[in-house]
There are 2 protein chains.
Amino acid sequence: MGASKSAEFTEEQNEISHLFKALGHPARIAIIQHLMNLKSCICNDLVGILPLSQATISQHLRELKDAGIIKGTIEGTSVCYCLNHESLVKLTDILEGFKEINTTNEAKCC
Amino acid sequence: MGASKSAEFTEEQNEISHLFKALGHPARIAIIQHLMNLKSCICNDLVGILPLSQATISQHLRELKDAGIIKGTIEGTSVCYCLNHESLVKLTDILEGFKEINTTNEAKCC
DNA sequence: TATCTTTATCGCAATATTACGATTAATTAG
DNA sequence: CTAATTAATCGTAATATTGCGATAAAGATA
């Protein structure tokens, strides 16, 4: 065998990993960086900027959207995608939690 | 085709996504949480706690180590793994960057 | 030395991800 | 209405990840 025992982990563990997983591809980091650099956030100027086809970019956008990292609204012919501030706060909070506890334990550690 | 155009992205984009990717699996989140809850950090009590075989857990530990999320030192028969505070700081910094720029742009956004 | 314990690695199977061309759906422009 | 534009989805191929049993490597213990 060899597949996805995600049902055996807690819902929290699955949720957290889902968020991080969405950021686990260079194309998706590139998309986020592009979204940051734009004054506005109308996309698919991405086609032409990223070394990927329209279909592939659309797929990456969907993954970011499914994870809640970006929000998208249809706007005439094109779509407006922007970063979802809330999910970024959530991620930071998770990491702060990791860091905090680790700091207090560090002395006892290798 | 269908494989990894990572060479076409910047080194920074690949590095960042590599870090996040390491956190993109529920088992690896569970490992981190366990490392947090322990007073010390000697592992492979993990076998028995996670619903995975020893071989699989070892693989997940290696991925976390390769990404720099945990540090490991050989200690007699067993291995001492603990969180690498530095990489957690790095991740937080990246996210802070994402958040900051987004906040200032939010008004112009959908 | 022989054996036990602990962790890493190999080889393989199942599944998931990545990527693309082609097609579809929906809106805009003429 | 027709053509053009934009973005999503389908189908498929290539590759990567996940997971395990078996085995190997290395130190601990009898």
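The model shown is predicted, which means the values in this text are computed figures rather than measured ones.

Colleague: Account for the overall build of chain A, naming residues and giving values.
Modeller: The helix and strand inventory of chain A stands at four helices and two strands. Reading the secondary structure of chain A in the N-to-C direction produces α-α-α-β-β-α. Put simply, 48% of the contacts in chain A that link residues at least 6 apart link residues at least 24 apart. With the model as given, the accessible surface of chain A reaches about 5900 Å², and the carbon-plus-sulfur share is 51%.

Colleague: So what's going on with the packing of aromatic side chains? Residues and values would help.
Modeller: Under the criterion given, the structure shown has one aromatic pair over all chains. Ring geometry for Phe20 of chain A versus Phe20 of chain B: centroids 6.0 Å apart, planes at 25°, classification stacked. Within this pair, whereas Phe20 of chain A is found in helix H1 (residues 11–22), its partner Phe20 of chain B is found in helix H1 (residues 11–22), the two belonging to separate chains. Per residue, the accessibility class of Phe20 of chain A equals that of Phe20 of chain B, and both read buried.

Colleague: Tell me about the packing of helix H2 (residues 26–37) of chain A against H1 of chain B, and please be specific about residues and values.
Modeller: The interhelical angle for the contact between H2 of chain A and H1 of chain B, taken along N-to-C directions, is 110°, at an axis separation of 8 Å. One finds that H2 of chain A runs roughly perpendicular with respect to H1 of chain B. For the pair H2 of chain A and H1 of chain B, the sense of crossing is right-handed. Residues Pro26, Ile29, Ala30 and Gln33 of chain A of H2 of chain A touch H1 of chain B, and the partners they reach there are Glu12, Gln13, Asn14, Ile16, Ser17 and Phe20 of chain B. Of the residues belonging to the contact of H2 of chain A with H1 of chain B, the class tally is five nonpolar, four polar and one charged.

Colleague: So what's going on with the packing of H2 of chain A against helix H3 (residues 54–66) of chain A? Residues and values would help.
Modeller: Residues and elements named next belong to chain A. Packing of H2 against H3 brings their axes to within 10 Å, and their N-to-C directions diverge by 75°. The angle between H2 and H3 falls in the class roughly perpendicular. Residues Ala27, Arg28, Ile31 and Ile32 of H2 lie in contact with H3, whose contacting residues are His60, Leu61, Glu63 and Leu64.

Colleague: For the side chain of Gln13 of chain B, give the residues involved together with the corresponding values.
Modeller: Mapped onto the secondary structure, Gln13 of chain B falls in helix H1. Once residues lying within four places of it in the same chain are set aside, the contact partners of Gln13 of chain B are Pro26, Ile29, Ala30 and Gln33 of chain A.

About the cut-offs
Residues numbered from 1 in each chain as written. Chains lettered and ligands numbered in written order. Predicted model: local features only at pLDDT ≥ 70, side-chain atom pairs only at ≥ 80, totals over all residues. Heavy atoms only, no water. Helix = DSSP H or I, 4+ residues; strand = E, 2+ residues; numbered from the N terminus. Contact = heavy atoms within 4.5 Å. Areas by Shrake-Rupley, 256 points an atom, 1.4 Å probe, with all protein chains shown as cover. Phe/Tyr/Trp six-rings, centres within 6.5 Å; stacked < 30°, edge-to-face > 60°. Buried < 20%, exposed > 50% of the residue type's maximum accessible area, 1.4 Å probe, protein only. Axes fitted to C-alpha atoms, helices over the stretch in contact; angles between N-to-C directions. Parallel < 35°, antiparallel > 145°, perpendicular 65-115°, else oblique. Left-handed = near helix turned anticlockwise from the far one by under 90°. Nonpolar A, V, L, I, M, F, W, Y, C, P; charged D, E, K, R; others polar.

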